[in-house]
Amino acid sequence: MQLPVLPNGRFLFSGLSWDIPGYDDAESLVARMARAGVIARSHATDAAIDGDVDWMSRRSVQRHFRRVTGMTFSSHQQIERARRAAALLVSGSSFWTRHRALAISIRPILPARSGN
């Protein structure tokens, strides 16, 4: 989706002018947009994240998640695993605790090795 950018460095969305967010304030932009009623949560997407999607086929969950968020569900899962890994690294827990947790968290992110 292309959004019109105004000369003052803001953008138009749903008839309102918004500051273009930086890395540190993207979450606050989303919160302001939600309060203004121009975006809303998807209960099906929340259910997918929580793993409570017995009422939808796996493919339907994937299609809905992609349409609502703009990313694949597996990409979301990889981001969440990376966030957990980063939190463990800064938590001050022991090396072995972090090692075990990170080995489990990161393994699905790493590409398969080629057979050379």
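See above for the structure.
None of these values were measured; they are calculated from a predicted model.

The rules behind each value
Residues numbered from 1 in each chain as written. Predicted model: local features only at pLDDT ≥ 70, side-chain atom pairs only at ≥ 80, totals over all residues. Heavy atoms only, no water. Pairing = 2+ DSSP bridges. Helix = DSSP H or I, 4+ residues; strand = E, 2+ residues; numbered from the N terminus. Salt bridge = Lys/Arg side-chain N within 4 Å of Asp/Glu carboxyl O. Buried < 20%, exposed > 50% of the residue type's maximum accessible area, 1.4 Å probe, protein only. Axes fitted to C-alpha atoms, helices over the stretch in contact; angles between N-to-C directions. Parallel < 35°, antiparallel > 145°, perpendicular 65-115°, else oblique. Left-handed = near helix turned anticlockwise from the far one by under 90°. Contact = heavy atoms within 4.5 Å. Nonpolar A, V, L, I, M, F, W, Y, C, P; charged D, E, K, R; others polar.

Caption draft 1: A look at the pairing of strand 2 (residues 16-19). Relative to strand 2, strand 1 (residues 10-13) is paired through 4 bridges, and the arrangement is antiparallel. Within strand 2, the position partnered with Leu12 by the bridge is Ser17.

Caption draft 2: Here's a closer look at the pattern of salt bridges. A full pass over the atoms with the stated rule returns 2 salt bridges. Between Arg10 and Asp19 there is a salt bridge, and its shortest N-O distance comes to 2.5 Å. Overall, the relative accessible area of 24% leaves Arg10 in the partly exposed class. Glu80 is the partner of Arg83 in a salt bridge, and the nearest nitrogen-oxygen pair spans 2.9 Å. Of this pair, Arg83 and Glu80 both sit in helix 4 (residues 73-90), 3 residues apart, roughly one helical turn.

Caption draft 3: Inspection of the packing of helix 2 (residues 43-50) against helix 3 (residues 58-69) at higher detail. It is the contact of helix 2 with helix 3, at a shortest axis distance of 9 Å, that shows an interaxial angle of 120 degrees. Between helix 2 and helix 3, the interaxial angle falls into the category oblique. Remark: the crossing between helix 2 and helix 3 carries left-handed chirality. Residues Ala44, Thr45, Ala48 and Ile49 of helix 2 lie in contact with helix 3, whose contacting residues are Val61, His64, Phe65, Val68 and Thr69. Residue composition of the contact of helix 2 with helix 3, by class: 6 nonpolar, 3 polar and no charged.

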